[in-house]
Every structure is written in C-alpha cells, then in structure tokens.
Amino acid sequence: MKTIQAIKEELSAAAGREREELLALYGQDGRAGVRKVVQKILREQEKLEEERRRIEGMKVYERQYADKGLVCGIDEVGRGPLAGPVVAGAVILPVDEEILYLNDSKQLSAKKREELYEVIMEKAVAVGLGCVSPQRIDEMNILQATYEAMRQAIGKLSRTPAVLLNDAVTIPGMDILQVPIVKGDAKSVSIAAASIVAKVTRDRMMVEYDENMPEYGFASNKGYGSAAHIAALKQHGPSPIHRRSFIGNFIDI
C-alpha cells in the first residue's frame, strides 16, 4: 500500500486526465490522510477554475472589439500623491493568452504585482510607458498631466492599436477609437495589465528616490500623504520631486 506522502507526490506530478483518474481512485481510499490530500487538491482545482472564469469575464471588451484590430488597455497611477511623477501604462495582450490573477493593481500585493509584471512584459504584444514629472504636473495640473502620460505611453507602443480601452477617461488629441470604462482595471484584462505595469514602474522609481532622499520615506509611502510623510515634509521642507501645487495645505511655499 502506498504511503500518504507517495500519493501526495503522485497527485502533484499528474495532470489532466491522469490526475482526474487518480483523484477518483484515491477518493475511495479509507484513510483520513488520503482523503484530506484529495480534498485539498479538489479545492485548489475549483479555485483555479473560478479564477479562469473570472479572467474570461474580464475579456468581454477585448472580444467585443477584436474584429477592429489590436486592442490596447490604458491606465495610470500616481494622480493623488504629494510627490513623484504620474505614470501611465499601455498594454496590448495576445488575443488568446491566459494570464491569471490580473486585477486592479491596488487589489494585489506588491509581490503579486511584481510577478505579474514579469509575465505581462514577457507575453504582451506591446507595452508602452509614459511618465510626467512633478514640475510638469505643477505647470499643467494633474488631469492634463495624466492625459500627457497616457499619450506618451500609447506613442511608445511598438504596434499601433485600433481600439483604446481606458480606465474611465477619454484622452484628448487621439485619433484612435476610445472606450472609457468605469472601474476598467477590474473589468478588462488589458486595463488591469496596464495598471500593474504602471504601478510597478512608478513604485520602483519611488524606491530609487528614497535612496537619495530617505527622510521622506518614499520607499514605503510612494509619495502619498501619510502622516509620517507630512511630518517629514514640515520638518525638512519640500524635496525636488514634491508637487508644489499639492503641498500648500501643509507648508508655506
């Protein structure tokens, strides 16, 4: 009789039809330990199928506009921070590619975002990034700076999209068909991918800024107005990457 550990290893190594047959076989085993292993794998399989169904549901816009040509998701991060740039991502995913766990970047852990970033960069048809500095944000306001970052991101794509799926906005000055989707980063795989790429890119930039300006805690707060960040701003004054148009409520500028 096989040990429970041997059965566990056999099930872990099996896939497809073979695994299904083994699960049926060992599901009849009278030992509680074997039943526990079988039940755990069945739960994991059900979670995986739920995730696949969720991702398929997030392809509704991509399928709807696929006949027009390449579909690109657009999103930005960094509209609200007191410091740092606003960054936009533009991502064209392969039509039939399955990338599980894509979601609004704010709903993912930093570790999961980093993992998905690598997958997206490897599998995407094209990725573009746009970045607008704090000084430019102060010159033109955050909304216009966001549009500029998005236009930059689209312009840096190696392929020209036929359709832009945007997270809630319509970008001025674009001749490409645009589809604004409210909460699009939770409804479209392309927008979710753009959200993740933009978020990871900006977070890495803020970590680099922290190395030269550690007093503000940019590595942890990413430029957002945490209590510790505001206290540091009052103590040390603004850094070169603070947005002057955002910090007037906290210090005299």
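Each remark here, short or long, concerns the structure printed above.
What to know about the nonpolar core
Core analysis: the largest hydrophobic core is formed by 22 residues, its most contacted members being Cys72, Ile74, Val86, Ala90, Ile154, Leu157 and Ile171. Contributions of two or more residues to this core are made by β1 (71-77), β2 (86-92), β3 (126-132), α6 (134-140) and α7 (142-155). Ranked by residue count, the leading element in this core is α7, at seven residues. Residues Val91, Leu102, Leu108 and Ala194 belong to the second largest nonpolar core, which totals 19 residues.

Side note on the sheet that holds strand β5 (residues 177-181)
The mixed open sheet is built from five strands, whose spatial order is β3-β2-β1-β4-β5. At either end of the open sheet lies a strand with only one pairing partner, and these are β3 and β5. The mean inter-strand angle of the sheet, taken between neighbouring strand axes irrespective of direction, is 20°. Pairing analysis gives six bridges linking β1 to β2, with the strands arranged antiparallel. Bridge pairing in β2 links isoleucine 74 to alanine 90.

What to know about the side chain of aspartate 210
Along the chain, the position of aspartate 210 falls in helix α8 (residues 189-212). In this structure, aspartate 210 is buried with no salt-bridge partner, the nearest side chain bearing the opposite charge being lysine 222 at 8.7 Å. When residues no more than four places from it in sequence are discounted, the contact partners of aspartate 210 are Gly217, Phe218 and Ala219.

Notes on the pattern of salt bridges
Taken as a whole and assessed by the stated rule, the structure comprises 19 salt bridges. We note a salt bridge from glutamate 49 to arginine 52, for which the minimum N-O separation is 3.3 Å. You can see glutamate 49 and its partner arginine 52 sitting in helix α3 (residues 32-57), three residues apart, about one turn around the helix. Note on glutamate 49: relative accessible area 35%, which makes it partly exposed. For arginine 52, a relative accessible area of 30% translates into the label partly exposed. Its salt-bridge partner being arginine 204, residue glutamate 114 comes within 2.6 Å of it at the nearest N-O pair. Note that glutamate 114 is positioned in helix α5 (residues 110-123) and arginine 204 in helix α8, a separation of 90 residues in sequence. Taking the relative accessible area as the measure of exposure, arginine 204 reaches 32% and is therefore partly exposed. Here the salt bridges do not stand alone but share partners, grouping Glu49, Arg52 and Glu98 into one network.

Notes on unusual backbone geometry
The backbone of alanine 168 shows a phi angle near 80°, a positive value even though the residue is not glycine. Note that alanine 168 resides in the loop between β4 (163-167) and β5. With a relative accessible area of 45%, alanine 168 lands in the partly exposed category. Its identity is not glycine, yet lysine 222 carries a phi of approximately 55°, on the positive side. Relative to the helices and strands, lysine 222 resides in the loop between α9 (218-221) and α10 (227-236). Among the residues examined, lysine 222 registers a relative accessible area of 15% and is labelled buried.

Some points on the side chain of aspartate 75
Relative to the helices and strands, aspartate 75 resides in strand β1. Comment: no salt bridge for buried aspartate 75; closest opposite-charge side chain is lysine 106, at 6.0 Å. In this structure, aspartate 75 is in contact with Val87, Ala88, Gly89, Met150, Asp167, Asp185, Ile191, Ala194, Ser195 and Ala198, ignoring residues within four places of it in sequence.

So, the packing of helix α2 (residues 16-26) against α3
As a packed pair, α2 and α3 sit with axes 10 Å apart at the nearest point and diverge in direction by 140°. Put simply, α2 runs oblique to α3. Judged by the sense of rotation from one axis to the other, the crossing of α2 with α3 is left-handed. Of the residues in α3, those in contact with Arg19, Glu20, Leu23 and Tyr26 of α2 are Val34, Val38, Ile41, Leu42 and Gln45. Tallied by class, residues from the contact of α2 with α3 come to six nonpolar, one polar and two charged.

Cut-off values and rules
Starting from 1, residues in each chain are numbered consecutively following that chain's sequence as written. Two thresholds apply to this predicted model, a pLDDT of at least 70 for residue-level local features and 80 or more for giving and counting side-chain atom pairs, whereas whole-chain, interface and lining totals are computed over all residues. Note that the side-chain values use all heavy atoms of the structure and ignore hydrogens as well as water. Here, nonpolar core refers to any group of buried Ala, Val, Leu, Ile, Met, Phe, Trp, Tyr and Cys residues whose side-chain atoms link them within 4.5 Å. Buried residues are those whose accessible area, probed at 1.4 Å on protein chains only, stays under 20% of the maximum for their type, while exposed residues exceed 50% and partly exposed ones sit between those limits. Labels follow the DSSP assignment, with helices taken as runs of H or I lasting at least four residues and strands as runs of E lasting at least two, numbered in each case from the N terminus. Pairs of strands are assigned from DSSP output, requiring at least two bridges between the strands. Axis geometry follows a simple rule: fit a line to the C-alpha atoms, using only the stretch in contact for helices, then measure angles between N-to-C directions, giving values from 0 to 180 degrees. For the purpose of charge, His is not counted, nor are the chain termini; Lys and Arg are scored as positive and Asp and Glu as negative. Within this document, salt bridges are pairs made up of a side-chain nitrogen of Lys or Arg and a carboxyl oxygen of Asp or Glu, the two lying within 4 Å of each other. Should any heavy atoms of two residues lie within 4.5 Å, those residues are counted as being in contact. Between 65 and 115 degrees an angle is taken as roughly perpendicular, under 35 as roughly parallel, over 145 as roughly antiparallel, and anywhere else as oblique. Less than a right angle of anticlockwise turn of the near helix away from the far helix marks a crossing as left-handed, whereas a clockwise turn marks it as right-handed. When residues are grouped by polarity, Ala, Val, Leu, Ile, Met, Phe, Trp, Tyr, Cys and Pro land in nonpolar, Asp, Glu, Lys and Arg in charged, and all others, Gly among them, in polar.

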